[in-house]
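# Close look at the chain arrangement
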Amino acid sequence: ITDILEPGSTFKLVPISAVLNENIFTPDNTFDCGIRTVSYRGRILKLPSDHRNFGELTLSGILKKSSNRGTAFVGIRLGERALYDYAWAFGYGQKTGIGLTGEVGGILHTVDKWDGLTITRLPIGYAVGATPLQIHNAMATIANYGILMQPQVIHKITDEESKAVINFRPKARRRVISVDTARKMGEMLTGVVTPEGTARRAALDGFSVSGKTGTTRKLINGAYASDRHAASFTGYFPTRRPRVVISVFVDEPKLDGPGYGGRVAAPVFRNIAGELVKHMGIRPGKNEDRLAATGKDARRKLSK
């Protein structure tokens, strides 16, 4: 709640949710993610690079593969004002209201303070500073069918006989996206946790998992370092009847090569989730088997 980081690709759920919610695109719309530049308001803008050339991808594919170019184009099509409004609606740039001392609101600049590249960088989670709790709460909004909640630490206070003296009811802050959009996003985010996605290591036996990876180059002395990263994965399960949202953040993982969120944080998610299944007695929701099968396929490929 006190330290901030650029969320990176975990932020991509914001612009993609927004274009679905505004009926600008559907999950099946296709995009040329091989283009390097776009014309925007009379200027030629260079799009951020991807770690490989994806070619054409659907909107679902952009999320699954975590295409920077595809997401930047989505942000451009959404527009500056709407991109800012949805980022704010998801809780960025403001305190969550958890009530703990020291919480900060993060950084979300108003549109009048953007530079010429912000419209292509904000959609992929740069040019914004967030606490881990804000990133977690944004994913929880998808899991909660589009409603942003105020996080709480205490559920109730009881007396010596375990009778509730004070109950703290959940507090909804606002509806961010429609129920239909949240469900579509949940389904799309399951693609991330497949052999073709960036978080196959988050797959959980018997359950469908919805989530998003993030890998952010750290800003050191005013420049982005090539060898220092923040890796993350935030997600929830079961997809259709969510019970738990888990977010994992690893600061500067010590690995050979980039510490990708799918490589570092996703396995931690899986391990925690596996223990919570037993501790909380979580069972797969209705119609989970079909979605969960992709997770089993992912592990078969990894074992080979």
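Presented here is a report on the structure given in the accompanying data block.

Reading the values: the criteria
- Residues numbered from 1 in each chain as written.
- Predicted model: local features only at pLDDT ≥ 70, side-chain atom pairs only at ≥ 80, totals over all residues.
- Heavy atoms only, no water.
- Salt bridge = Lys/Arg side-chain N within 4 Å of Asp/Glu carboxyl O.
- Helix = DSSP H or I, 4+ residues; strand = E, 2+ residues; numbered from the N terminus.
- Buried < 20%, exposed > 50% of the residue type's maximum accessible area, 1.4 Å probe, protein only.
- Polar contact = N/O pair within 3.5 Å; in protein donor to acceptor, adjacent residues only side chain to side chain.
- Contact = heavy atoms within 4.5 Å.
- 1 Å grid on protein atoms, 1.4 Å probe; cavity = no way out; pocket = protein on both sides within 12 Å on 5 of 7 lines; lining within 4 Å.
- Points joined across faces, edges and corners; volume = space filled by probe spheres on them.
- Nonpolar A, V, L, I, M, F, W, Y, C, P; charged D, E, K, R; others polar.
- Core = buried A, V, L, I, M, F, W, Y, C linked by side-chain atoms within 4.5 Å.

### Describing the pattern of salt bridges
Throughout the structure, instances matching the rule amount to 6 salt bridges. In this structure, E80 and R41 form a salt bridge, with 3.2 Å as the shortest nitrogen-oxygen distance. Taken together, the residues span a long stretch of sequence, with E80 in helix α4 (residues 80–89) and R41 in the loop between β2 (37–40) and β3 (43–46) at a distance of 39 residues. The salt bridge partner of R81 is D85, with a shortest N-O separation of 3.1 Å. Of this pair, R81 and D85 both sit in helix α4, 4 residues apart, which is roughly one turn of the helix. Classification of R81 by relative accessible area gives exposed; the value is 52%.

### Details of the side chain of T213
By the element assignment, T213 lies in strand β9 (residues 210–220). On the basis of relative accessibility, which here comes to 6%, the residue T213 falls in the buried class. A distance of 2.7 Å separates a polar atom in the side chain of T213 from a polar atom in the side chain of T198. Those residues in contact with T213 that lie beyond four places of it in its chain are S9, T10, V192, T198, A199, S232, F233, G261 and G262.

### A look at the layout of surface pockets
As a volume, the largest pocket reaches approximately 1200 Å³. What lines the largest pocket is a set of 42 residues, and nearest its centre among them are S9, H51, N68, T215 and Y260. Elements supplying a minimum of two residues to the lining of the largest pocket: α2 (59–65), α5 (118–121), β9, β10 (223–237) and α8 (261–280). The dominant element in the lining of the largest pocket, judged by the number of residues it contributes, is β9, at 6 residues. Looking at the lining of the largest pocket, its residues break down into 11 nonpolar, 18 polar and 13 charged.

### What about the nonpolar core?
If you look at the biggest cluster of nonpolar residues, it comprises 68 residues, and the most contacted ones within it are L59, F90, Y92, M185, F237 and F269. Residues within four places of M185 in sequence aside, it is in contact with L13, I16, S17, L20, L63 and I142.

### Regarding empty space enclosed by the protein
Taken as a whole, this structure holds 1 cavity of 30 Å³ or more when the rule is applied. If you add up the space inside the largest cavity, you get close to 30 Å³. What lines the largest cavity is simply F90, G91, T96, Q134, N137, L148 and R173. Grouping the amino acids of the lining of the largest cavity by side-chain chemistry returns 2 nonpolar, 4 polar and 1 charged.

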